[in-house]
Amino acid sequence: MTPEALDLSPLRPRLPSPLQEAEDERFGRCGVRLLLKRDDLIHPDLPGNKWRKLELNLRAAAGRAVLTFGGAYSNHLRATAAAGRLLGFPTIGVVRGDELAGRPLNPSLARCAADGMALRFVDRATYRAKARPEVLAALVAEAAASAGRDGTRDDVYVVPEGGSNALAVRGCVVLGRELRAAADVVGVACGTGGTVAGLAAGLGPAQRVIGFPVLKGGFLGDRIRALQDAAFGAPAGDWALDDRFHCGGYARTTPELEAFAADFEDRHGMPVERLYVAKMLYGLTTLAAEGAFPRGTTVAAVVTGQPDSAR
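The structure reproduced in this document is the subject of the present report. (Residues numbered from 1 in each chain as written. Predicted model: local features only at pLDDT ≥ 70, side-chain atom pairs only at ≥ 80, totals over all residues. Heavy atoms only, no water.)

### Here we look at the overall build of the chain
Part 1 of the argument: Along the backbone of the chain there are 11 helices and 10 strands.
Part 2 of the argument: In terms of overall dimensions, the chain is globule-like: its C-alpha atoms have a radius of gyration of 19 Å, near the 19 Å expected for 311 residues.
Part 3 of the argument: Taking the principal axes of the C-alpha coordinates as reference, the chain spans close to 60 × 40 × 35 Å.
Part 4 of the argument: Looking at the chain as a whole, 54% of its 311 residues qualify as buried.
Part 5 of the argument: A total of about 12900 Å² of accessible surface is found on the chain, and carbon and sulfur atoms cover 51% of it.
Part 6 of the argument: The positive charge centre, built from 38 side chains, and the negative charge centre, built from 35, are 1 Å apart in the chain. (Helix = DSSP H or I, 4+ residues; strand = E, 2+ residues; numbered from the N terminus. Rg over C-alpha atoms; globule rule 2.2 N^0.38 Å. Buried < 20%, exposed > 50% of the residue type's maximum accessible area, 1.4 Å probe, protein only. Areas by Shrake-Rupley, 256 points an atom, 1.4 Å probe, with all protein chains shown as cover. Lys, Arg positive; Asp, Glu negative; His and termini not counted. Charge placed at Lys NZ, Arg CZ, Asp CG, Glu CD.)

See the structure below:
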């Protein structure tokens, strides 16, 4: 099957995703307009940047088994498994933490299994080394064999952790194009960097992106630059990161963040996912209070998922 022949119509994504005005006095008193880019409404099983990252990768896979990587609560694993169920191709998830193999599956991994994903649990040292050619080759052979495939790279299509590669970046360019002329600043939460890399490239020359990393470590800038080099051969767009809002790291929250998210839900009637979206919204609200946006600025916040898409 060729990429062009792959029929993605069973997914029926809602595109472009809605762009909604959000009346919020915390922005209004600073002379700033807030918009919500509801990418969480693209698809119930492949929300937000998961659809945008996976679309071109699914076409490249062209019906082959898809092997990918993630932690025990990975949104990306869930979205890939759902795509496999809906489109009828095998999926294999390499999960960080061999200690999980003997335990009952958590709700996220149980959903992956129910959608037909073959789960392969590996120790953390192996997981860290997954990009090394010899380690990846062994993982492909072992995991694919467990799913009834031949175990060769020709038989299995590999998508990296979080779905971020050059094809994913190109898929996220469309998000930027949908927001052209709609906002001056676009805020988005980021884990592996692919969304920021593509979003920035798709925006117009007078627009900029602020990414809010949900992991600590300060490594993401280099990762985004490398992804843009792979996708476009050069840097693209105006983007920056604000790493003050990770709340201690991935899957971590604080009482302050919980209170902020609950208040935002009450104000706007929108469920707020805590591990990504709440951190981004908290960051934008803090920046507005700090005077980071000149009066007259329009800010668009990309809502990449709903609460149940994180667990």
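### Focus on helix H7 (residues 166-178)
Part 1 of the argument: Within H7, the full set of buried residues consists of Ala166, Ala168, Val169, Gly171, Cys172, Val173, Leu175 and Gly176.
Part 2 of the argument: Turning to H7, the residues buried within the fold contact strand S2 (33-37), helix H2 (49-61), helix H8 (194-202), helix H9 (220-232) and strand S10 (298-302). (Contact = heavy atoms within 4.5 Å.)

### Considering the sheet that holds strand S6 (residues 156-158)
Part 1 of the argument: As summarised here, the arrangement of the 4 strands in space is S5-S4-S3-S6, forming an open sheet in which the pairing is parallel. The sheet is open, and its two borders are formed by strand S5 (118-122) and S6, each paired with just one other strand. Strand-to-strand twist across the sheet, computed as the mean angle between neighbouring axes with direction ignored, equals 25 degrees.
Part 2 of the argument: As paired elements, strand S3 (residues 65-70) and strand S4 (residues 91-96) share 5 bridges and run parallel to each other. The partner of Thr68 across the bridge, within S4, is Gly93. (Pairing = 2+ DSSP bridges. Axes fitted to C-alpha atoms, helices over the stretch in contact; angles between N-to-C directions.)

### As for helix H10 (residues 255-268)
Part 1 of the argument: Here H10 contains 14 residues, and its C-alpha end-to-end distance of 20 Å stays within 8% of the 20 Å for a straight helix at 1.5 Å per residue.
Part 2 of the argument: Close packing links the buried residues of H10 with helix H1 (25-28), S2 and helix H11 (277-289).
Part 3 of the argument: Gly269 sits one or two residues past H10 and shows a positive phi near 65 degrees. (Expected span 1.5 Å × (residues − 1).)

### Notes on the side chain of Thr297
Part 1 of the argument: Relative to the helices and strands, Thr297 resides in the loop between H11 and S10.
Part 2 of the argument: Polar contacts involving the side chain of Thr297 include one to the main-chain carbonyl oxygen of Pro294, which spans 2.6 Å.
Part 3 of the argument: When residues no more than four places from it in sequence are discounted, the contact partners of Thr297 are Gly31, Val32, Arg33, Asp184 and Val185. (Polar contact = N/O pair within 3.5 Å; in protein donor to acceptor, adjacent residues only side chain to side chain.)

### Some words on the sheet that holds strand S7 (residues 185-190)
Part 1 of the argument: The 6 strands lie next to each other as S1-S2-S10-S7-S8-S9, forming an open sheet whose pairing is mixed. Two strands close off the open sheet at either side, each with one partner strand: strand S1 (19-22) and strand S9 (239-241). If you compare each strand with its neighbour and ignore which way they point, the axes differ by 25 degrees on average.
Part 2 of the argument: Where S1 lies against S2, 4 bridges are found, and the strand directions are antiparallel.

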